[in-house]
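# Examination of the molecular architecture
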Amino acid sequence: MKVMKDFSPRKPAGWLVLAVLAINMLSGCSWMGGDDTDGGAKTSEADKPVQRYTGEMSQAVSLAYTTSRNLALTFNGMADAQTMNKLLDQLDALGIKATFFLPGMRVAEEPDIARQILSRGHEIENNTLNAVDMSRMDYGQIYKEIHLADDVIRKQTGVTPKFVRTQTGAISEDIRLAAAQSGQQAVISYSLFLHNWKAETPQQKKNYIRKYINRGGIVAIDLAENRTLNESVDLIAAEASAAGYHFVTLDKLVATGGVRKPADTVQGYQAAKYNRDYAKADYNLVYSHKTAKKEIALTFDDWGTDETITKLLDILDQYHVKGTFFLRADGVEKNPNLARAIAQAGHDVGNHTYSHPVLTKLSVKQLQDEVVKAHRIITDAIQQQPAMLFRPPTGDIDDRTARIIAAAGYRNIVDFDIDPNDWNRERTASQIVNSVIQQSHSGGIILLHSLDDTHTAEALPGIIQNLRKQGYTFVKLSDWISDDGNPSGNER
């Protein structure tokens with residue numbers, strides 16, 4: 001382990017240093033020493049009135065929009081030297097480069113800690129001057145909190161921060177404007193703020209972190225609040241590794257991120273819309289495909305964590321197979337990068353409703369809400385029109401329900417005829433494989449799921465290998481079904 005020999009314990013009189021710095025910064029004295037005088041009148045940065053910035057706001061970032069398998073581990077605040085020493089050694093051992101949002105006052109008090117963070121290859125950013133909640137501050141106060149912290153960090157470390165984060169991670173128009181006025185690229189929030197554990201079991205902790213480890217994610221830990229700092233870092237590192245993801249500093253993560261076009265400007269966004277006139281709507285309900293070729297389709301329903309879905313994507317890529325994913329949009333809404341990764345891998349992306357209700361029990365409005373809302377969220381996430389294919393949750397469908405869905409823009413409703421019940425966590429991989437093989441036929445549509453804690457990913461290689469031995473090739477549903485419907489499909 002590396003030892004930070006130049007760290008000294010935080011001095012008991014540290015509060016006095018902070019007080020002097022605060023008085024100097026917010027009075028007429030230059031905080032670096034000496035008076036700024038003009039004809040005997042003292043002036044300071046803090047005395048100058050702040051004009052509200054009228055230029056373009058800094059970005060607001062809580063997630064980098066990217067399909068790269070990277071995420072950022074970030075820390076708020078600066079702990080005592082002993083805690084920081086242990087944390088930096090731990091990050092070295094794990095091979096993680098992190099981003100530290102440091103309060104300007106703490107950097108002024110113990111600049112050696114800030115410099116050591118930099119020397120270990122980590123990034124330093126702005127946590128405001130006093131690491132405060134700026135939600136009730138006026139614009140001038142917000143600007144000074146950001147700008148004065150920038151000054152301290154730059155003068156003590158030589159680094160000019162690119163990003164700022166408030167104590168709570170809050171982002172407002174005033175904060176974004178003040179950050180831009182101070183020259184910062186973005187105001188940063190987070191996709192996961194890891195607070196203190198309560199009475200969670202080790203498995204519950206693992207499941208919680210797994211849920212929020214995602215591509216482009218920004219994980220935040222408060223160094224003053226977190227009482228299980230080293231345990232939390234180990235858990236985060238383990239789950240990122242299980243998903244096959246890597247930590248990079250925030251500047252690198254943001255640099256890889258793209259800019260999402262406004263959803264309503266994406267081609268195909270209006271392809272689904274509300275339409276109460278459904279009585280005569282025509283639909284194409286497909287259970288299988290009539291073909292002379294030995295072809296079969298792999299389809300995946302619902303939504304899971306990055307760890308689960310990335311495993312499925314990697315297996316499909318390994319065997320050069322393309323499939324069709326019917327996405328539950330309340331999951332896509334929280335994790336758009338994963339949906340985009342599915343689309344970029346060349347798979348069909350279809351609509352599986354927003355919240356996975358039983359469709360036959362819904363009113364016209366409720367059903368079209370589920371279809372249209374899901375379509376818009378998915379289109380926004382993947383930044384292109386999805387395959388206009390709809391799968392009803394549980395496969396339940398009737399004539400009225402199908403017409404309502406078709407009237408909303410999804411004429412092609414796809415069910416399935418090969419179902420190994422892989423959603424059942426008690427089903428083993430071999431049972432899933434055997435069930436698929438026994439039911440398979442040319443033109444069959446295999447129903448699988450992208451749910452966590454099932455044996456689907458374990459079974460998938462066996463399904464592909466066995467069906468290929470029997471001469472099957474795999475197709476996407478869009479290869480069989482056009483936007484206008486497929487007259488050779490089995491319709492009801």
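Preceding block: the structure.
Everything numeric here is computed off the predicted structure, so don't read it as measured data.

Thresholds applied
- Residues numbered from 1 in each chain as written.
- Predicted model: local features only at pLDDT ≥ 70, side-chain atom pairs only at ≥ 80, totals over all residues.
- Heavy atoms only, no water.
- Helix = DSSP H or I, 4+ residues; strand = E, 2+ residues; numbered from the N terminus.
- Buried < 20%, exposed > 50% of the residue type's maximum accessible area, 1.4 Å probe, protein only.
- Contact = heavy atoms within 4.5 Å.
- Areas by Shrake-Rupley, 256 points an atom, 1.4 Å probe, with all protein chains shown as cover.
- Expected span 1.5 Å × (residues − 1).
- Pairing = 2+ DSSP bridges.
- Right-handed = clockwise from strand over helix to strand, strands pointing away.
- Core = buried A, V, L, I, M, F, W, Y, C linked by side-chain atoms within 4.5 Å.
- Phe/Tyr/Trp six-rings, centres within 6.5 Å; stacked < 30°, edge-to-face > 60°.
- Lys NZ or Arg CZ within 6 Å of the ring centre and 35° of its normal.
- Salt bridge = Lys/Arg side-chain N within 4 Å of Asp/Glu carboxyl O.

Helix and strand counts for the chain stand at 17 helices and 19 strands. Within the chain, buried positions represent 55% of all 492 residues. Long-range contacts, defined here as pairs at least 24 residues apart, represent 81% of the contacts in the chain between residues at least 6 apart. Counting every atom, the chain has about 21300 Å² of accessible surface; 48% of that belongs to carbon and sulfur.

Turning our attention to helix H10 (residues 306-318). Within an α-helix, residues lying three or four positions from one another point in the same direction, as the helix has 3.6 residues per turn. Over its 13 residues, H10 extends 18 Å from the first C-alpha to the last, a length consistent with the 18 Å expected when each residue adds 1.5 Å. Taken residue by residue, H10 has Asp306, Glu307, Thr308, Ile309, Thr310, Leu312, Leu313, Ile315 and Leu316 as its buried positions.

Within strand E10 (residues 218-222), five of the five residues are buried, leaving the element largely enclosed by the surrounding structure. Residues Ile218, Ala220 and Asp222 of E10 are buried on one face, and the alternating residues Val219 and Ile221, pointing to the opposite face, are buried as well. The pairing of strand E4 (residues 70-76) with E10 spans five bridges and is classified as parallel. Its bridge partner lying in E10, Thr74 is registered against Ala220. Regarding the hand of the β-α-β motif, the stretch spanning strand E9 (residues 192-193), helix H7 (residues 202-212) and E10 is right-handed.

This part is about the nonpolar core. Counting 83 residues, the largest nonpolar core has Leu73, Phe75, Leu91, Phe100 and Leu298 as its most contacted members. In terms of residues, this core owes the most to one element, helix H8 (residues 229-243), which gives seven residues. Residues within four places of Phe100 in sequence aside, it is in contact with Phe75, Met84, Leu87, Leu88, Leu91, Ile117, His122, Glu123, Ile124, Glu125 and Leu223. Core analysis: the second largest hydrophobic core is formed by 22 residues, Ala281, Leu362, Val371 and Ala406 among them.

What follows is about the packing of aromatic side chains. For the structure shown, the criterion picks out six aromatic pairs. With centroids separated by 4.7 Å and ring planes inclined at 15°, the aromatic side chains of Phe300 and Phe325 adopt a geometry described as stacked. Note that Phe300 is positioned in strand E13 (residues 295-302) and Phe325 in strand E14 (residues 324-327), a separation of 25 residues in sequence. As far as the burial class goes, Phe300 and Phe325 line up, both buried. Members of the aromatic cluster, each reached through a chain of ring pairs, are Trp197, Tyr208 and Tyr212. Between the NZ or CZ atom of Lys294 and the centre of the ring of Tyr472, over which it lies, the distance is 4.9 Å. Cation over ring: Lys373 sits above Tyr354, and NZ or CZ is 3.8 Å from the ring centre.

What follows is about the environment of Leu192. Position of Leu192 among the secondary structure elements: in strand E9. Leu192 sits 27 residues away from Val219 along the chain, and the two C-alpha atoms are 4.8 Å apart.

All chains considered together, the criterion is met by 20 salt bridges. We note a salt bridge from Lys365 to Asp369, for which the minimum N-O separation is 2.9 Å. One end of the pair, Lys365, and the other, Asp369, are both in helix H13 (residues 364-382), four residues apart, so they sit about a helical turn from each other. Put simply, Arg403 and Asp399 hold a salt bridge, and the shortest N to O gap is 3.0 Å. Linking Arg403 with Asp399, this pair stays in helix H14 (residues 399-407), spanning four residues, or about one helical turn. Look at Asp399 and you get partly exposed, because its relative accessible area is 39%. Each of Arg52, Glu173 and Asp174 takes part in one network of salt bridges that share partners.

By themselves, these figures tell us nothing about what the structure is for.
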